[in-house]
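# Architecture and fold: a report
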Amino acid sequence: MKLYTSQTLKIYNSLSGEKEIFTPIHEGRVGMYVCGPTVYSNVHLGNVRTFMSFDVIFRYLLHLGYKVRYVRNITDVGHMVDDVDDGEDKIAKMARLEKVEPMEIVQRYTVDFHEILREFNLLPPSIEPTATGHLIEQIEIIKSIIDNGYAYLSNGSVYFDVIKFNKDYKYGILSGRNLEDMIANTRDLDGQSDKKNPQDFALWKKAEPEHIMRWPSPWSDGFPGWHLECTAMSTKYLGETFDIHGGGMDLKFPHHECEIAQSEACTGHNPVNYWMHANMLTLNGKKMSKSTGNNILPREIFTGENPNLSKGFSSGVARFFMMQAHYRSILDFSDEAILAAEKGYNRLIESIELSEKLKASEASSLDIKQWKQSCYDAMNDDFNTPILIAQLFEGIRFVNLIHDGKETLKADDIEILRETLTVFVFDVLGIKNEKAIHANTEKLDGVVNMLINMRNQARADKDWSLSDQIRDNLAHLGIQLKDGKEGTTFNY
Ligand code: AMP
Ligand code: ZN
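Let me begin by describing the structure that accompanies this report. Just so it is clear, the structure is predicted and the values come from calculations on it, not from any experiment.

Right, let's get into helix H15 (residues 434-460). Under the 1.5 Å per step criterion, the end-to-end length of H15 is 39 Å for 27 residues, consistent within 8% with the ideal 39 Å. Of all the residues in H15, the buried ones are Val448, Ile452, Arg455 and Ala458. If you follow the buried residues of H15, they end up packed against helix H16 (464-476), strand E14 (480-484) and strand E15 (487-491). Phi for lysine 462, located one or two positions after H15, is positive at around 60°.

So this is what it looks like as C-alpha cells:
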C-alpha cells in the first residue's frame, strides 16, 4: 500500500484561491512543471528559496509513494531585460558586456546553478529541458495558435492577440485581472511597436541584424518569446493537461497568465490542474533580486563575506532557516534570524543522534502514532513546513523526556519516533546532517594517515612497489600525497 492512499493531501491552488484535495490525473503518478532560472548570472538566495520550496514538494510527493515526473527548465533564450518584448535578451546582453558567446554565459551559469542546488541538497528534476533545445516544438505551437486565429504576424514577428482571445476565453483568470482594467491603465502605443495592443505579447520576435541569438522560422530569422518556451516544454513532457505547475509568485503575471492563454488558444483547455506559487525571500524588507543588487549569494552565506552577515553558515542551517517559513509566506532574511535557526538546527540534529540511544521500556506512556500522524497532517495541509518543524520539536521533547526517564516507550514506539524524525528531517525537508558529513571526513582523514604510515614503513623496508602502489591508488581516488620536509601531507 502506497502512503498516499492513507493520507489526504491538500494543495493551495492559486487559480481557485482555495486549498483543494489533491487528486492526480493518473492514479499514483504526478506531473509537475516548475519554471527554472534564466541563466545569465549567479543564482541568489531568493532563487534558491523558490527552487527549495518545490524541492520539498517533490520530496513529499515521492515520500507519499507517487511516481513523479518533475520537469524544470533552463531559460537560455527569449527572456528580455525588464520582461518587456522590445529590448535586449538578458543572456545576449551579458554576452555582449563580457565579449563572449551567449552559450558561454548559459554554460557558466547553468553549472553554477547546479552546483549551488546540489550544495543545498536539492534533488535533480526528472527532466531539465532548455528553451533552445525546443525551438521546433515552439514553432509548432505558434503555427496552431495562428491557425486558430489568436495570433498575428507583424513585420516578421508573431504576437498573441489578447483582445481576440478574451472574446472566446478569459485573459487574467490566474492573477484575477480584468482585460478592460488593464487597457484603461496602459498608455497607448507610441507607434514604435509592431503590436496591435499593448497587452499583446510576442510568440516569435524577428531578430535585428545585430542580434546573434537567431533561428529560422516560417516568419523570420528570430527567437521565441519567453512565455512560449514553458508551454512547449511542459506540453511535450507532461501532456496538454498536467497536475502541478509552479514558480515564484512574481511569475504569476504575466508569465503564467500567458502560458494559460497560449495553451487555451492552442488546445482549447486550461493546461494545469493545480497552480502553485512560492513567495519571495526579502532582505531588509525588500525583494532579493539580481537586477537591483539587493541580494546575498549562496557562497557568501557559507563564507560570511557579505555586510549583512556576522559569520558564515552551513547549507544545512540555511535550509533549516528557509523551512521555518511556509512556502506561501514572505521570508525576510536577517543575521539574527539565521543565527537563531543555527541554534534550532543544532538542537534538532543532536536530539536525532540522542534518539538512537534511547532505552526501551515495557510500556509506552506517550501516544507516538498520533504524534507521527500530526507530522503528516502538517505536510498534508499544503506542505506546512513550519508546523511540521513545531511537531518535530515536540518529538525532540519526547526524546529528552524519555532520555531523562520521565516518560517511557516500548521498543517499536522508539523505532517509530526515531524513524519519523529522521525521515521528515533528512528525506522530506532535505536537511543535511553536517555533523555526520564532518564525522565521515574525519574518519577518511584517519584512514589516509594510516595509509601514509604504511607507505613510510614500506619505504623504510625498501618495498618500492608497495609504496608506489599506495601513492598511485590514492591518486586514482583523487587523493594527492605530497612529500615534504615535515613529512607527507595530502589533499582531496
Ligand atoms: P529568474 O532567474 O529571475 O527567472 O528567477 C528564477 C526563479 O526565482 C523564479 O521562479 C522567480 O520567481 C524566483 N525568484 C526571483 N527572485 C526571488 C526572491 N527574491 N525570492 C524568491 N524567489 C525568487
Ligand atoms: Zn515558465
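Moving on: the site of ligand 1. In the region of ligand 1, 17 residues are neighbours, and Gly46, Thr50, Asp250, Leu281 and Met288 sit closest. In the model, a nitrogen atom of ligand 1 is placed 3.0 Å from a nitrogen or oxygen of the glycine 46 main chain. Contact distances for ligand 1 include 3.0 Å between an oxygen atom and a side-chain N or O atom of asparagine 47. Starting from 490 Å² of accessible surface for ligand 1 in isolation, the protein chains cover 94%. Element by element, the count of residues in the shell around ligand 1 is highest for helix H1 (residues 45-63), at four residues. Here the shell around ligand 1 is built from residues that sort into six nonpolar, eight polar and three charged. Lining the shell around ligand 1 are residues from two domains, each supplying at least three of them: domain 1 (24-278) and domain 2 (282-428).

Applying the stated criterion to the full structure yields 23 salt bridges. Taking the shortest distance from any N to any O, the salt bridge between glutamate 98 and arginine 108 comes out at 2.8 Å. Residue glutamate 98 is found in helix H2 (residues 90-98), and its partner arginine 108 is found in helix H3 (residues 102-119); the two are separated by ten residues along the sequence. Among the charged side chains, a salt-bridge network with shared partners connects Asp55, Arg59 and Arg319.

Calculation rules
Residues numbered from 1 in each chain as written. Chains lettered and ligands numbered in written order. Predicted model: local features only at pLDDT ≥ 70, side-chain atom pairs only at ≥ 80, totals over all residues. Heavy atoms only, no water. Helix = DSSP H or I, 4+ residues; strand = E, 2+ residues; numbered from the N terminus. Expected span 1.5 Å × (residues − 1). Buried < 20%, exposed > 50% of the residue type's maximum accessible area, 1.4 Å probe, protein only. Contact = heavy atoms within 4.5 Å. Near = heavy atom within 4 Å. Polar contact = N/O pair within 3.5 Å; in protein donor to acceptor, adjacent residues only side chain to side chain. Areas by Shrake-Rupley, 256 points an atom, 1.4 Å probe, with all protein chains shown as cover. Nonpolar A, V, L, I, M, F, W, Y, C, P; charged D, E, K, R; others polar. Domains from an automatic or database assignment. Salt bridge = Lys/Arg side-chain N within 4 Å of Asp/Glu carboxyl O.

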